[in-house]
Amino acid sequence: MRIGELAAAVGVTTRAVRHYHHQGLLPEPERLANGYRDYTLRHAVVLARIRRLTELGLGLAEVRDVLADDAGKDLAEVLSELDEDLARQEAAIRERRVRLRALLDAADGIPAEGPVSPWLSALFHDMAHLAADSPMAAKDREVLALIETTTAPEDRERLSAALGAAFESPEAVAQAAQVYALLDDLADVHPSDPFDPSDPSDPSDPSDPSDPRIEEAARAIAACLPRDLLPTDMTDQHSSFLRAFFADFAPAQAEAIRHALRILDEGRP
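Residues numbered from 1 in each chain as written. Predicted model: local features only at pLDDT ≥ 70, side-chain atom pairs only at ≥ 80, totals over all residues. Heavy atoms only, no water.

What's the story with the overall build of the protein chain in this structure? I'm lost.
Helix and strand counts for the protein chain come out as 13 helices and two strands. Buried positions account for 33% of the 269 residues belonging to the protein chain. (Helix = DSSP H or I, 4+ residues; strand = E, 2+ residues; numbered from the N terminus. Buried < 20%, exposed > 50% of the residue type's maximum accessible area, 1.4 Å probe, protein only.)

Hey, could you run me through the side chain of His 43 in this one?
Among the structural elements, His 43 can be located in helix 3 (residues 41–55). Look at His 43 and you get buried, because its relative accessible area is 10%. For His 43, the side chain forms a polar contact with the main-chain oxygen of Pro 27, separated by 3.3 Å. The contacts of His 43, once residues within four sequence positions are left out, are Leu 6, Leu 26, Pro 27, Glu 28 and Pro 29. (Polar contact = N/O pair within 3.5 Å; in protein donor to acceptor, adjacent residues only side chain to side chain. Contact = heavy atoms within 4.5 Å.)

Help me understand the nonpolar core in this model?
Among the nonpolar cores identified, the biggest contains 40 residues, and Met 127, Phe 167, Tyr 180, Leu 183 and Leu 186 are the most heavily contacted of them. Going through the elements one at a time, helix 6 (118–126), helix 8 (135–150), helix 9 (156–166), helix 10 (170–184), helix 11 (212–224), helix 12 (240–247) and helix 13 (251–266) are the ones with two or more residues in this core. Counting residues per element, this core draws most heavily on helix 13, which supplies eight residues. Apart from residues lying up to four places away in sequence, Met 127 is in contact with Ala 137, Asp 140, Arg 141, Leu 144, Phe 167 and Tyr 180. Residues Leu 6, Leu 25, Leu 53 and Val 63 belong to the second largest nonpolar core, which totals 21 residues. (Core = buried A, V, L, I, M, F, W, Y, C linked by side-chain atoms within 4.5 Å.)

How should I be thinking about helix 11 in this particular structure?
Think of an α-helix as turning once every 3.6 residues; residues three or four places apart then point the same way. Taking 1.5 Å of rise per residue, 13 residues should cover 18 Å, and helix 11 covers 19 Å from first to last C-alpha, within 8% of that figure. Restricting attention to buried positions, one finds in helix 11 the residues Ile 214, Ala 217, Ala 218, Ala 220, Ile 221 and Ala 222. At the N-terminal boundary of helix 11, the capping side chain belongs to Asp 211, with an oxygen 2.8 Å from the backbone nitrogen of Arg 213. (Expected span 1.5 Å × (residues − 1).)

In this structure, what is going on with helix 3? I would like to understand it.
Taking 1.5 Å per residue as the helical rise, helix 3 with its 15 residues ought to reach 21 Å, and the 21 Å between its terminal C-alpha atoms agrees with that figure. Of all the positions in helix 3, only His 43, Ala 44, Val 46, Leu 47, Ile 50 and Leu 53 are classed as buried. Following helix 3 by one or two positions, Gly 57 has its phi on the positive side, about 110°.

Just to check I follow, could you spell out the packing of helix 8 against helix 10 for this structure?
Any two packed helices are characterised by how steeply their axes cross, that is the angle between the axes, and by the distance between the axes. With their axes 8 Å apart at the nearest point, helix 8 and helix 10 run at an angle of 110° to one another. One way to sum up the angle between helix 8 and helix 10 is to call them roughly perpendicular. Of helix 10, the residues touching helix 8 (which contributes Pro 135, Met 136, Ala 137 and Asp 140) are Tyr 180, Leu 183 and Asp 184. The class makeup of the residues in the contact of helix 8 with helix 10 is five nonpolar, no polar and two charged. (Axes fitted to C-alpha atoms, helices over the stretch in contact; angles between N-to-C directions. Parallel < 35°, antiparallel > 145°, perpendicular 65-115°, else oblique. Nonpolar A, V, L, I, M, F, W, Y, C, P; charged D, E, K, R; others polar.)

Mind showing me how you'd approach the packing of aromatic side chains here?
Aromatic ring pairs are reported here in terms of the distance separating the ring centres and the angle at which the planes meet. One pass over the structure, following the stated rule, counts two aromatic pairs. Taken together, a centroid distance of 5.3 Å and an interplanar angle of 70° make the contact between Phe 245 and Phe 246 edge-to-face. Relative to Phe 249, the ring of Phe 245 lies with its centre 5.1 Å away and its plane at 65°, an arrangement referred to as edge-to-face. Note on Phe 249: relative accessible area 10%, which makes it buried. Each member of the aromatic cluster is reached from another via a ring pair, and the members are Phe 245, Phe 246 and Phe 249. Over the ring of Phe 249 we find Lys 139; its NZ or CZ atom is 5.3 Å from the centre of that ring. (Phe/Tyr/Trp six-rings, centres within 6.5 Å; stacked < 30°, edge-to-face > 60°. Lys NZ or Arg CZ within 6 Å of the ring centre and 35° of its normal.)

By themselves, these observations are geometric and do not establish any function.
Laid out in C-alpha coordinates, this is it:
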(Lines give C-alpha, C1' and ligand atoms only; values in the text may rest on other atoms or scores of the structure.)
Protein backbone atom coordinates (compact mmCIF):
# COMPACT_ATOMS: atom_id res chain seq x y z
CA MET A 1 0.00 0.00 0.00
CA ARG A 2 1.07 3.58 -0.62
CA ILE A 3 0.86 6.08 2.25
CA GLY A 4 -2.32 7.63 0.86
CA GLU A 5 -4.01 4.23 0.60
CA LEU A 6 -2.99 3.35 4.18
CA ALA A 7 -4.25 6.67 5.53
CA ALA A 8 -7.58 6.36 3.69
CA ALA A 9 -8.07 2.78 4.85
CA VAL A 10 -7.57 3.66 8.54
CA GLY A 11 -9.30 7.05 8.38
CA VAL A 12 -6.41 9.38 9.17
CA THR A 13 -4.41 11.88 7.15
CA THR A 14 -1.10 11.25 5.46
CA ARG A 15 0.29 14.04 7.63
CA ALA A 16 -0.72 12.05 10.73
CA VAL A 17 1.01 8.94 9.37
CA ARG A 18 4.24 10.88 8.84
CA HIS A 19 3.93 12.39 12.33
CA TYR A 20 3.57 8.94 13.88
CA HIS A 21 6.67 7.85 11.99
CA HIS A 22 8.54 10.89 13.34
CA GLN A 23 7.39 10.11 16.90
CA GLY A 24 8.49 6.49 16.61
CA LEU A 25 4.99 5.10 17.03
CA LEU A 26 4.59 3.62 13.57
CA PRO A 27 7.53 1.63 12.12
CA GLU A 28 8.93 2.85 8.83
CA PRO A 29 8.08 0.42 5.99
CA GLU A 30 10.48 -0.87 3.41
CA ARG A 31 10.85 1.22 0.29
CA LEU A 32 10.37 -0.05 -3.22
CA ALA A 33 12.95 0.38 -5.96
CA ASN A 34 11.25 3.60 -7.02
CA GLY A 35 11.64 5.03 -3.49
CA TYR A 36 7.96 4.80 -2.44
CA ARG A 37 7.06 3.35 0.95
CA ASP A 38 5.40 -0.05 0.82
CA TYR A 39 2.96 -0.41 3.74
CA THR A 40 1.69 -3.82 4.88
CA LEU A 41 -1.39 -5.00 6.71
CA ARG A 42 0.69 -4.95 9.91
CA HIS A 43 1.18 -1.18 9.51
CA ALA A 44 -2.57 -0.75 9.09
CA VAL A 45 -3.23 -2.76 12.29
CA VAL A 46 -0.79 -0.65 14.31
CA LEU A 47 -2.06 2.60 12.80
CA ALA A 48 -5.65 1.66 13.58
CA ARG A 49 -4.68 0.95 17.19
CA ILE A 50 -2.93 4.33 17.45
CA ARG A 51 -6.10 5.99 16.18
CA ARG A 52 -8.29 4.16 18.73
CA LEU A 53 -5.97 5.07 21.61
CA THR A 54 -5.70 8.74 20.65
CA GLU A 55 -9.48 8.96 20.25
CA LEU A 56 -9.77 7.80 23.86
CA GLY A 57 -7.71 10.82 24.83
CA LEU A 58 -4.28 9.26 25.35
CA GLY A 59 -1.28 11.43 24.60
CA LEU A 60 1.35 10.16 22.20
CA ALA A 61 3.76 9.38 25.04
CA GLU A 62 1.08 7.18 26.62
CA VAL A 63 0.37 5.53 23.26
CA ARG A 64 4.08 4.77 22.97
CA ASP A 65 3.98 3.07 26.40
CA VAL A 66 1.06 0.92 25.33
CA LEU A 67 2.66 -0.07 22.02
CA ALA A 68 6.15 -0.74 23.34
CA ASP A 69 7.11 -4.36 23.89
CA ASP A 70 8.74 -3.45 27.21
CA ALA A 71 6.09 -0.96 28.22
CA GLY A 72 6.37 0.32 31.77
CA LYS A 73 2.59 0.43 31.94
CA ASP A 74 0.06 -1.98 30.52
CA LEU A 75 -3.07 -0.77 28.75
CA ALA A 76 -5.34 -1.28 31.77
CA GLU A 77 -3.12 0.94 33.93
CA VAL A 78 -2.93 3.67 31.29
CA LEU A 79 -6.71 3.60 30.75
CA SER A 80 -7.34 3.72 34.51
CA GLU A 81 -5.19 6.86 34.78
CA LEU A 82 -7.02 8.35 31.80
CA ASP A 83 -10.37 7.59 33.42
CA GLU A 84 -9.28 9.34 36.63
CA ASP A 85 -8.08 12.35 34.63
CA LEU A 86 -11.36 12.54 32.74
CA ALA A 87 -13.27 12.36 36.04
CA ARG A 88 -11.29 15.37 37.31
CA GLN A 89 -12.00 17.25 34.09
CA GLU A 90 -15.68 16.34 34.37
CA ALA A 91 -15.85 17.71 37.92
CA ALA A 92 -14.08 20.90 36.84
CA ILE A 93 -16.51 21.35 33.94
CA ARG A 94 -19.49 20.91 36.29
CA GLU A 95 -18.06 23.56 38.62
CA ARG A 96 -17.49 25.94 35.70
CA ARG A 97 -21.06 25.43 34.50
CA VAL A 98 -22.39 26.26 37.97
CA ARG A 99 -20.40 29.51 37.91
CA LEU A 100 -21.58 30.31 34.39
CA ARG A 101 -25.19 29.67 35.34
CA ALA A 102 -24.87 31.99 38.34
CA LEU A 103 -23.55 34.72 36.04
CA LEU A 104 -26.28 34.18 33.45
CA ASP A 105 -29.03 34.12 36.10
CA ALA A 106 -27.82 37.25 37.90
CA ALA A 107 -30.70 39.72 38.08
CA ASP A 108 -28.33 42.66 37.64
CA GLY A 109 -26.73 41.25 34.50
CA ILE A 110 -23.05 40.66 33.81
CA PRO A 111 -20.87 43.69 34.65
CA ALA A 112 -18.58 45.16 32.02
CA GLU A 113 -15.57 43.84 33.97
CA GLY A 114 -17.05 40.34 34.11
CA PRO A 115 -16.90 37.54 34.57
CA VAL A 116 -16.41 38.11 38.29
CA SER A 117 -17.68 36.31 41.37
CA PRO A 118 -21.32 36.78 42.43
CA TRP A 119 -20.36 38.87 45.48
CA LEU A 120 -18.15 41.20 43.43
CA SER A 121 -20.86 41.46 40.78
CA ALA A 122 -23.29 42.54 43.53
CA LEU A 123 -20.75 45.08 44.81
CA PHE A 124 -20.34 46.49 41.30
CA HIS A 125 -24.11 46.83 41.10
CA ASP A 126 -24.13 48.79 44.35
CA MET A 127 -21.44 51.15 43.08
CA ALA A 128 -22.76 51.39 39.51
CA HIS A 129 -23.97 54.98 39.97
CA LEU A 130 -20.48 55.95 41.21
CA ALA A 131 -18.74 54.43 38.20
CA ALA A 132 -21.18 56.18 35.86
CA ASP A 133 -20.14 59.60 37.18
CA SER A 134 -16.49 59.05 38.11
CA PRO A 135 -13.60 57.83 35.93
CA MET A 136 -11.73 56.85 39.11
CA ALA A 137 -14.65 54.72 40.30
CA ALA A 138 -14.70 52.93 36.95
CA LYS A 139 -10.94 52.31 37.23
CA ASP A 140 -11.42 51.06 40.79
CA ARG A 141 -13.79 48.38 39.53
CA GLU A 142 -11.07 47.14 37.17
CA VAL A 143 -8.56 47.05 40.01
CA LEU A 144 -10.99 45.17 42.27
CA ALA A 145 -11.55 42.57 39.54
CA LEU A 146 -7.78 42.22 39.22
CA ILE A 147 -7.35 41.85 42.99
CA GLU A 148 -10.04 39.17 43.13
CA THR A 149 -8.42 37.24 40.28
CA THR A 150 -4.96 37.30 41.85
CA THR A 151 -6.10 36.60 45.42
CA ALA A 152 -5.59 33.07 46.74
CA PRO A 153 -8.87 31.15 47.19
CA GLU A 154 -8.40 30.97 50.96
CA ASP A 155 -8.15 34.79 51.16
CA ARG A 156 -11.19 35.62 49.04
CA GLU A 157 -13.61 35.40 51.98
CA ARG A 158 -11.53 37.97 53.87
CA LEU A 159 -11.44 40.11 50.74
CA SER A 160 -15.21 39.97 50.24
CA ALA A 161 -15.83 40.89 53.88
CA ALA A 162 -13.44 43.83 53.71
CA LEU A 163 -14.90 45.18 50.48
CA GLY A 164 -18.46 44.61 51.65
CA ALA A 165 -17.79 46.73 54.72
CA ALA A 166 -16.52 49.55 52.52
CA PHE A 167 -19.95 49.93 50.87
CA GLU A 168 -22.31 48.51 53.49
CA SER A 169 -24.02 51.78 54.51
CA PRO A 170 -25.15 55.01 52.81
CA GLU A 171 -22.48 56.83 54.82
CA ALA A 172 -19.76 54.49 53.51
CA VAL A 173 -20.99 54.94 49.94
CA ALA A 174 -20.98 58.73 50.37
CA GLN A 175 -17.44 58.56 51.76
CA ALA A 176 -16.33 56.49 48.76
CA ALA A 177 -17.95 58.98 46.41
CA GLN A 178 -16.00 61.78 48.08
CA VAL A 179 -12.73 59.87 47.63
CA TYR A 180 -13.45 59.27 43.96
CA ALA A 181 -14.27 62.95 43.46
CA LEU A 182 -11.04 64.03 45.15
CA LEU A 183 -9.00 61.66 42.99
CA ASP A 184 -10.82 62.70 39.80
CA ASP A 185 -9.94 66.30 40.68
CA LEU A 186 -6.24 65.33 40.66
CA ALA A 187 -6.29 63.92 37.12
CA ASP A 188 -4.55 66.95 35.60
CA VAL A 189 -2.39 67.93 38.58
CA HIS A 190 1.38 67.44 38.34
CA PRO A 191 2.91 67.42 41.82
CA SER A 192 6.50 68.30 42.52
CA ASP A 193 8.75 65.39 43.45
CA PRO A 194 8.17 64.56 47.13
CA PHE A 195 11.10 65.51 49.36
CA ASP A 196 12.79 62.72 51.29
CA PRO A 197 14.57 64.23 54.31
CA SER A 198 16.36 60.93 55.03
CA ASP A 199 18.08 61.02 51.63
CA PRO A 200 20.92 63.64 51.53
CA SER A 201 21.15 63.23 47.75
CA ASP A 202 17.49 64.20 47.23
CA PRO A 203 17.62 67.33 45.03
CA SER A 204 14.00 68.40 45.56
CA ASP A 205 13.18 71.51 47.53
CA PRO A 206 11.42 70.84 50.87
CA SER A 207 10.05 74.36 50.81
CA ASP A 208 8.05 73.53 47.63
CA PRO A 209 5.08 71.57 48.97
CA SER A 210 2.88 69.39 46.81
CA ASP A 211 -0.62 70.45 45.93
CA PRO A 212 -2.63 70.35 49.20
CA ARG A 213 -5.38 68.38 47.44
CA ILE A 214 -3.01 65.40 47.33
CA GLU A 215 -2.79 65.33 51.13
CA GLU A 216 -6.57 65.72 51.40
CA ALA A 217 -7.19 62.85 49.00
CA ALA A 218 -4.62 60.65 50.78
CA ARG A 219 -6.27 61.21 54.15
CA ALA A 220 -9.69 60.44 52.67
CA ILE A 221 -8.43 57.22 51.06
CA ALA A 222 -6.79 56.09 54.30
CA ALA A 223 -10.00 56.79 56.22
CA CYS A 224 -12.19 54.56 54.08
CA LEU A 225 -9.83 51.88 52.73
CA PRO A 226 -10.21 48.66 54.76
CA ARG A 227 -6.90 47.74 56.39
CA ASP A 228 -7.69 44.05 55.90
CA LEU A 229 -7.44 44.69 52.17
CA LEU A 230 -3.75 45.57 52.33
CA PRO A 231 -1.04 42.96 51.79
CA THR A 232 2.05 43.27 53.95
CA ASP A 233 4.24 44.44 51.04
CA MET A 234 1.90 47.12 49.76
CA THR A 235 4.39 49.91 50.43
CA ASP A 236 7.33 48.14 48.78
CA GLN A 237 8.37 50.67 46.17
CA HIS A 238 10.64 48.09 44.50
CA SER A 239 7.68 45.85 43.59
CA SER A 240 7.33 45.64 39.82
CA PHE A 241 3.58 45.12 40.26
CA LEU A 242 3.27 48.31 42.30
CA ARG A 243 5.30 50.26 39.76
CA ALA A 244 2.89 49.13 37.04
CA PHE A 245 -0.05 49.86 39.34
CA PHE A 246 1.00 53.45 40.06
CA ALA A 247 1.97 54.08 36.43
CA ASP A 248 -1.66 53.52 35.45
CA PHE A 249 -2.71 56.66 37.38
CA ALA A 250 -2.10 60.33 36.78
CA PRO A 251 0.98 61.53 38.75
CA ALA A 252 -0.95 63.34 41.47
CA GLN A 253 -3.42 60.46 41.85
CA ALA A 254 -0.56 57.99 42.21
CA GLU A 255 1.10 60.20 44.82
CA ALA A 256 -2.14 60.45 46.81
CA ILE A 257 -2.53 56.65 46.79
CA ARG A 258 1.13 56.16 47.79
CA HIS A 259 0.70 58.60 50.66
CA ALA A 260 -2.50 56.87 51.78
CA LEU A 261 -0.70 53.51 51.84
CA ARG A 262 2.11 55.01 53.91
CA ILE A 263 -0.47 56.36 56.37
CA LEU A 264 -2.13 52.95 56.63
CA ASP A 265 1.20 51.14 56.95
CA GLU A 266 2.23 53.42 59.82
CA GLY A 267 -1.04 52.59 61.54
CA ARG A 268 -0.59 48.83 61.40
CA PRO A 269 -0.63 47.18 64.85
